[in-house]
Every structure is written in C-alpha cells, then in structure tokens.
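Analysis of the macromolecular model
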Amino acid sequence: MADEAQPPNGTDVVDKMTVEVAEMALDAKEAAGKEAASGQPGAAEPAKPSDKETNGSATPANKPVCSAAFKEQFKAFSKFGDTKSDGKHLTLSQSDKWMKQAKVIDKKITTTDTGIHFKKLKSMKLTYEDYNKFLDDLAKTKKVELDEIKNKMANCGAPGVHNATPGKAAETVARLTDTSKYTGSHKQRFDETGKGKGIAGRKDMVDQSGYVSGYGHKNTYDKTH
C-alpha cells in the first residue's frame, strides 16, 4: 500500500514564505536599478548638494544691472572733456577714465588690456552697442563677471567725481590758505591780519611822498607842531 502523503510540516511552510518574500524584495530592487539606469520617470535621483554644501555658504545672485543708468553714464562720459560730443560715441581715453573712476581698472584689468580689446573693434570711437561688445570680450578674457563690471560703472557717480575724504580735504585747504605760514615773497603779499595788499604786495611801488626812502618819521610833523 502506497504511503499516504504526509501533511506539510509547519516549519517548512514558514521557510517557504520567507524565501518567497526575499525573492520579491530582490526582484523589486533589480527593477528599481534598471529604471534608474534607463532614466525613466520614477527612478530615484541622487540628491544634489546645495550651495552651502559645495561652497561653504550660499552664493548670492548677481545684482541685476540697471541698463538705463549704465546708458546714461555712457552718454555722460562720452561728453567728458569733449564739449562737441553728441553722447553717442566713446573714445578709449574716456573709457579708461570711466573705468578708473569705477575702480574697474586695477591689478587684474589694466589700461593695456583695455587698449588691446578696444582696438579689436577697429574704431577710434565706439557706439553704445559696440562698447557693450568690448566689455563682454574684456570680461571673458579676464574671467571677470560682466554684470560686476557694469554695476560698478553704472554707480560710480558723475564724471570727475571722486570719493575724497572731506576731513582730509578741509585740512589741506586750511593749510594752504594759512597766510601766517607763508615765507619769502609770498609773505609780502599779505598784511599782519592776512588781508591781501593787492598790487602793492606784488610789485615794488615808487614812493612819491617826497620823503627819503627809509625815513622813520613820515607823516608825523603835523602831529608834533
């Protein structure tokens, strides 16, 4: 008589379920790996490091350039030193003055650099459009942010205006106008109070009073008689 089938052991059932769960988990892991490799939606993307993680601090966005202010400065400096200028063209000399006042020309960018890039446009005077090309080329070559250059130039003030320290300027003016410290011929131009003597302080005037030169009792006769 054939042996009757024995009922499965409880332990065997548990082991079989454990194997099936493990196989399902393995299949799911392999499927996820294939999706990530193929770039399909649903694939897990690696987290991108933030600016703080890469640079140590957040990188602020560049301040946007005010095109209107920059263009007005272009017009102002194109007339600087040239009363006949129409404000539409800028020379290399005017550009260098503008850049020096804006502190764009420094150790990194020199007048040699500006001269080389300015002459690439093959013109003695540049229009506003060509001047922007000049700045763009200069910034790329010197590896400086174009917006940084333009912001400095747009906010450097009117042509010829420099941020001098008022205290030092006042001290210099006071020292140069203190007549008590004058010597030599300059001292003879002022009296004891600091008032200018006019032409008498600049030229030797002929004494026409009738007295001998150097006489010490001039104009005292009527007072004693």
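Anyway, here's the lowdown on the structure attached to this text.

Definitions and limits used
- Residues numbered from 1 in each chain as written.
- Predicted model: local features only at pLDDT ≥ 70, side-chain atom pairs only at ≥ 80, totals over all residues.
- Heavy atoms only, no water.
- Buried < 20%, exposed > 50% of the residue type's maximum accessible area, 1.4 Å probe, protein only.
- Helix = DSSP H or I, 4+ residues; strand = E, 2+ residues; numbered from the N terminus.
- Contact = heavy atoms within 4.5 Å.
- Phe/Tyr/Trp six-rings, centres within 6.5 Å; stacked < 30°, edge-to-face > 60°.
- Lys NZ or Arg CZ within 6 Å of the ring centre and 35° of its normal.

**Focus: helix α7 (residues 146-154)**
Since the α-helix advances by 3.6 residues per turn, residues separated by three or four positions end up pointing in the same direction. Looking only at α7, the buried set comprises Ile-149, Lys-150, Asn-151, Met-153 and Ala-154. Contacts from the buried residues of α7 go to α3 (67-78), α4 (92-101) and α6 (128-142).

**Here we look at the packing of aromatic side chains**
In the structure shown here, the tally under the stated rule is nine aromatic pairs. Plain terms: the ring middles of Phe-70 and Tyr-128 are 6.1 Å apart, the flat faces sit at 55° to each other, and that makes the pair tilted. Separated by 58 residues along the polypeptide, Phe-70 in helix α3 and Tyr-128 in helix α6 bring together distant segments of the chain. Residue Phe-70 is classed as buried on the basis of its relative accessible area, which comes to 1%. Aromatic pair Phe-77 and Phe-80: ring centres 6.1 Å apart, planes at 80°, arrangement edge-to-face. When the ring centre of Tyr-128 is taken as reference, the NZ or CZ atom of Lys-71 above it lies at 5.2 Å. Just above the ring of Phe-70 sits the side chain of Lys-150; from NZ or CZ to the centre is 5.1 Å.

**With respect to the side chain of Asp-113**
Tracing the chain through its elements places Asp-113 in helix α5 (residues 111-119). Accessibility expressed as a relative area gives 14% for Asp-113, which makes it buried. The residues contacting Asp-113, other than those within four sequence positions of it, are Lys-108, Leu-138 and Lys-142.

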